[in-house]
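Here's the letter readout for the chains.
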Amino acid sequence: MNQPFIEVKNLKKYFPIKKGVFSRTAGHVKAVDGVDFSIYKGETLGLVGESGCGKSTTGRLLLQLLAPTEGEVRYEGKNLVGMNTSELRKMRRDMQMVFQDPYASLDPRLTVGDIIAEPLEIHQMARGKEKDRRIDELLNVVGLSSYHAKRYSHEFSGGQRQRIGIARALALNPKLIVADEPVSALDVSIQSQVINLMQDLQEQFDLTYLFIAHDLSVVKHISNRIGVMYLGRIVELADKRELFDSPQHPYTQALLSAVPTPNPLAKKERIVLRGDVPSPANPPAGCTFHPRCPAVMDRCKTVKPVFQNRDGRFVACHLYE
Ligand code: SF4
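Please read these numbers as outputs of a predicted model, since none were measured by experiment.

**Q** How should I be thinking about the sheet that holds strand S1 (residues 6–19) in this particular structure?
**A** In any sheet, the strands associate via hydrogen bonds between backbone groups, in a parallel or an antiparallel arrangement. Judged by pairing direction, the sheet is antiparallel, and its 4 strands sit side by side in the order S2-S1-S4-S5 without closing on themselves. With partners counted over all chains shown, the strands left at the sheet margins are strand S2 (24–39) and strand S5 (78–79), one partner each. Examined bridge by bridge, S1 and S2 share 12 bridges and lie antiparallel to one another. In the strand pairing of S2, Leu11 is matched with Val35. Contacting S1, S2 and strand S4 (70–75), helix H1 (residues 55–62) runs over the sheet at an angle of about 75° to S2.

Structure below.
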């Protein structure tokens, strides 16, 4: 395989828990706790997991919207962690985000044209007629019309708003887009339209995606490879087909057993996990999945499994060591 476009090494984000009148640090929420992955040029890496597993925080750390507690994010070989503001600003042109909630992420006081123009103005990329031409072009590219520029976001449906969010993300000709649950707030019928649009745009503009979702069936369609997160760590990362055909980590197996199949006659046994996801403020020792794992062994309770590469397929589980 080629050199990775993005390389993430041992990425961690701990949020302090403050207590008492002196705001003493009483502990940490380990939102992301040692994540490693690479993204290759032109591919889509899907990141899935239950809510609170750290996938959205990982997306924000990748773009340096949050400062990591530890670790590296290498973009075309350069480490973004610790870069000064002006260096980061230049890098940010190449890396944009599409947010989960198209209702909350668009400023209701601005026209759609102003929303799309914002990044162009901040980065001084276009003004006057050139800016208007670019807004037109971006609206057309996402399947909207030039006259929509004069309207306000509340006049649009959820799917159209997400198209506006995508147009804004494309304004600076980025190379990488982190899409954080971009279709979760949309009706199922609209979800596939937005996913198809994102696929077309990827081809048209040679984009690379990190596509975050809580639903495996959503990432299946668009991803080349998929990483499964549990309690701040990636527990399995593999080619999409391999992951769906032969999931190795017991957590991936459980998630997949809940994905409906198109064939109603196909027999599939649902794996129901015991209990709830533990708190990231107090994760279990050893393998953090052990209190819920149907295959738990003694050493799982004390020894943390290593995230190991087995022929390009990564898994963190003692069953495969
Ligand atoms: Fe289950 Fe042990 Fe594997 Fe963790 S390491 S997933 S507890 S078998």
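**Q** Sorry, what's going on with a positive patch on the surface here?
**A** Side chains of Lys78, Arg89, Lys90 and Arg93 sit close together on the surface and give a patch of like positive charge. Judged by relative accessible area, Lys78 falls into the partly exposed class, the value being 47%.

**Q** Mind showing me how you'd approach H1 here?
**A** The α-helix winds at 3.6 residues per turn, so residues separated by three or four positions along the chain end up facing the same way. Counting buried positions over the 8 residues of H1 gives 6, a clear majority of the element. Regarding H1, the residues found buried are Lys55, Thr57, Thr58, Gly59, Leu61 and Leu62. Positioned one or two residues after H1, Gln64 has a phi angle of 60°, which is positive.

**Q** Before we go on, may I ask you to explain the packing of helix H5 (residues 158–170) against helix H6 (residues 188–205) in this structure?
**A** Helix-helix packing: each pair is described by the crossing angle between the helix axes and the interaxial distance. One way to put it is that H5 packs onto H6 with a least axis distance of 10 Å and a crossing angle of 20°. Judged by the angle between their axes, H5 and H6 are roughly parallel. Between H5 and H6 the crossing geometry is right-handed. Counting all contacts with H5, which are made through Gly159, Gln162, Arg163, Ile166 and Leu170, the residues of H6 involved are Ile190, Gln193, Val194, Leu197, Met198, Leu201 and Phe205. Tallied by class, the residues present in the contact of H5 with H6 amount to 8 nonpolar, 3 polar and 1 charged.

**Q** What is the right way to read the nonpolar core from this model?
**A** For soluble globular proteins, the rule of thumb is that nonpolar side chains tend to be buried together. Ile166, Phe211 and Leu216 are the most contacted members of the largest nonpolar core, which totals 56 residues. Ignoring sequence-local partners within four residues, the contact set of Ile166 consists of Val98, Val142, Val194, Leu197, Met198 and Leu201. If you look at the next biggest cluster of nonpolar residues, it comprises 31 residues, including Val35, Leu61, Leu176 and Met229.

**Q** What should I look at first to understand the sheet that holds strand S11 (residues 308–310) in this one?
**A** The strand order S6-S7-S8-S3-S9-S10-S12-S11 describes an open sheet built from 8 strands, whose pairing is mixed. Edge positions in the open sheet fall to strand S6 (95–98) and S11, since each of these has one partner strand only. Adjacent strand axes in the sheet meet at a mean angle of 20° when their direction is disregarded. Where strand S9 (residues 225–230) and strand S10 (residues 233–239) come together, 6 bridges link them in antiparallel fashion. Bridge pairing in S10 links Val228 to Glu236. H1 rests against strand S3 (44–48), S6, strand S7 (176–180), strand S8 (208–213) and S9 of the sheet, and its axis sits at about 155° to S8.

How each quantity is defined
Residues numbered from 1 in each chain as written. Predicted model: local features only at pLDDT ≥ 70, side-chain atom pairs only at ≥ 80, totals over all residues. Heavy atoms only, no water. Pairing = 2+ DSSP bridges. Helix = DSSP H or I, 4+ residues; strand = E, 2+ residues; numbered from the N terminus. Contact = heavy atoms within 4.5 Å. Axes fitted to C-alpha atoms, helices over the stretch in contact; angles between N-to-C directions. Patch = residues over 30% accessible without salt bridge, like charges linked within 9 Å, V, L, I, M, F, W, Y side chains within 5 Å. Areas by Shrake-Rupley, 256 points an atom, 1.4 Å probe, with all protein chains shown as cover. Salt bridge = Lys/Arg side-chain N within 4 Å of Asp/Glu carboxyl O. Lys, Arg positive; Asp, Glu negative; His and termini not counted. Charge placed at Lys NZ, Arg CZ, Asp CG, Glu CD. Buried < 20%, exposed > 50% of the residue type's maximum accessible area, 1.4 Å probe, protein only. Parallel < 35°, antiparallel > 145°, perpendicular 65-115°, else oblique. Left-handed = near helix turned anticlockwise from the far one by under 90°. Nonpolar A, V, L, I, M, F, W, Y, C, P; charged D, E, K, R; others polar. Core = buried A, V, L, I, M, F, W, Y, C linked by side-chain atoms within 4.5 Å.

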